[in-house]
Amino acid sequence: MKKDVKKKIALLGDPAVGKTSLIRRYVIDRYDDKYISTLGTKVTKKTIEFDEQDTELTLIIWDVLGQREFRKIQDAAFEGSKGAIVVFDVSRDETFDGLEYWIEAVRKIAKDIPLIILGNKIDLVESYDTANAEALADFYNTSFYCSSAKTGLNVETAFLTLGKTLIE
Ligand code: G3D
Ligand code: MG
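Residues numbered from 1 in each chain as written. Chains lettered and ligands numbered in written order. Predicted model: local features only at pLDDT ≥ 70, side-chain atom pairs only at ≥ 80, totals over all residues. Heavy atoms only, no water.

Let us now look at the nonpolar core. Residues L12, F78, F88, V106 and I117 are the most contacted members of the largest nonpolar core, which totals 28 residues. At the level of secondary structure, the elements contributing two or more residues to this core comprise β1 (3-12), β3 (55-63), α2 (71-78), β4 (83-89), α4 (99-110), β5 (115-120), α5 (131-139) and β6 (143-146). A total of six residues in this core trace back to one element, the largest contributor, which is α4. The residues touching F78, leaving out its near neighbours within four places in the chain, are A10, L12, V64, W102, A105, V106, I109 and A110. Counting residues in hydrophobic clusters, the runner-up holds 23 residues, among them V17, I116, L118 and I167. (Core = buried A, V, L, I, M, F, W, Y, C linked by side-chain atoms within 4.5 Å. Buried < 20%, exposed > 50% of the residue type's maximum accessible area, 1.4 Å probe, protein only. Helix = DSSP H or I, 4+ residues; strand = E, 2+ residues; numbered from the N terminus. Contact = heavy atoms within 4.5 Å.)

In this section: the side chain of N120. Inspection of the secondary structure assignment puts N120 in strand β5. For N120, a relative accessible area of 2% puts it in the buried group. Beyond its immediate stretch of four places on either side in the chain, N120 contacts V17, G18, L22, V87, F88, D89, V90, S147, S148 and A149.

This next bit is on the sheet that holds β1. Here we have six strands laid out as an open sheet, ordered β2-β3-β1-β4-β5-β6, and mixed in their pairing. In this open sheet, the two strands that pair with only one neighbour each are β2 (42-50) and β6. The average undirected angle you get between the axes of adjacent strands in this sheet is 25 degrees. Bridge count between β1 and β3: nine bridges; the pairing is parallel. The residue of β3 that forms the bridge with K3 is T55. Across the face of the sheet, α5 comes into contact with β4, β5 and β6 while running at roughly 150 degrees to β6. (Pairing = 2+ DSSP bridges. Axes fitted to C-alpha atoms, helices over the stretch in contact; angles between N-to-C directions.)

Glancing now at the layout of surface pockets. Here the idea is plain: a probe the size of a water molecule rolls over the atoms and shows the empty space left. The computed volume of the second largest pocket comes to approximately 150 Å³. Considering the residues around the second largest pocket, the lining is formed by 13 residues, among which I113, P114, L115, N141 and T142 are closest to the centre. Every element with two or more residues in the lining of the second largest pocket is listed here: β5 and α6 (155-167). Here the lining of the second largest pocket takes three residues from α6, the largest share from any one element. (1 Å grid on protein atoms, 1.4 Å probe; cavity = no way out; pocket = protein on both sides within 12 Å on 5 of 7 lines; lining within 4 Å. Points joined across faces, edges and corners; volume = space filled by probe spheres on them.)

So, about the confidence of the model for the protein chain. Of all residues in the protein chain, 93% attain a pLDDT of 70 or more, and the chain-wide mean is 91. Taken as a whole, residues 34-40 scores under 50 in pLDDT and shows seven contacts with residues more than four places along the chain or in a different chain. (pLDDT = per-residue confidence, 0-100.)

Turning to α4, a few remarks are in order. Over its 12 residues, α4 extends 16 Å from the first C-alpha to the last, a length consistent with the 16 Å expected when each residue adds 1.5 Å. Of the residues making up α4, those classed as buried are L99, W102, I103, A105, V106, R107 and A110. Elements that come into contact with the buried residues of α4 comprise β1, α2, β4, α3 (93-97), β5 and α5. Following α4 by one or two positions, K111 adopts a phi angle in the positive range, close to 60 degrees. (Expected span 1.5 Å × (residues − 1).)

Rendered as C-alpha cells:
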C-alpha cells in the first residue's frame, strides 16, 4: 500500500524576497505581479507522488510573515516544521544578511531540520556571484539554488529536493 506522509514546511526570509510568489508558483504554477501582502501566516497544501518510494507526500506549506517584529507568530509557524526554505533576494544584499537571523530563529524552535537556501529574483540581475551563498549553505550543511518565482527557475527543484529529504 502507498505510504501517505504529511509534513509541515516553512518559507522564511525578509519582507518582499518572494516567499508568497514562490509558493504560488509552485502550488498553482502562476506568477502574479499584483500581489496582496501576506497577513500573518498562510497555509497551502501540495501533494507530491514519489513513485520509487511508493509514497505520497503532502507538504503543508507555511508562508511566514517576514517582519522580524512578529517573532511570536513566526515561532508558531516554526513549531512542528520538518523542513524550511530560506529565501533572500539576489538584487538586495541586505536580505542575504538577513539569512542568519532566519536560520537561527527556525533552528531554535525546529532544531536540526533540513533547509534549502534560495537566492530568488535571479531574473532581475545580469550576473550573480554565488560564492558567499554557497559558503553559507556549506556552513549550515544545506543546498543553495538561484531561483525565480517569475520565470519558475528552480522553484519545483527546491520544493522537490526538500520533499525528498523529508521522506528519506
Ligand atoms: P514576500 O512574500 O517574501 O514578502 P512577495 O514576497 O512574494 O510578496 O514578492 C515581493 C515582490 O517581489 C512582489 O512584487 C513580487 O511580484 C516580486 N517578486 C517575487 N519573486 C520574484 C521574482 O522571482 N522575480 C521578480 N522579478 N520579482 C519577484 P510587488 O511589485 O507586488 O511588490
Ligand atoms: Mg508574503
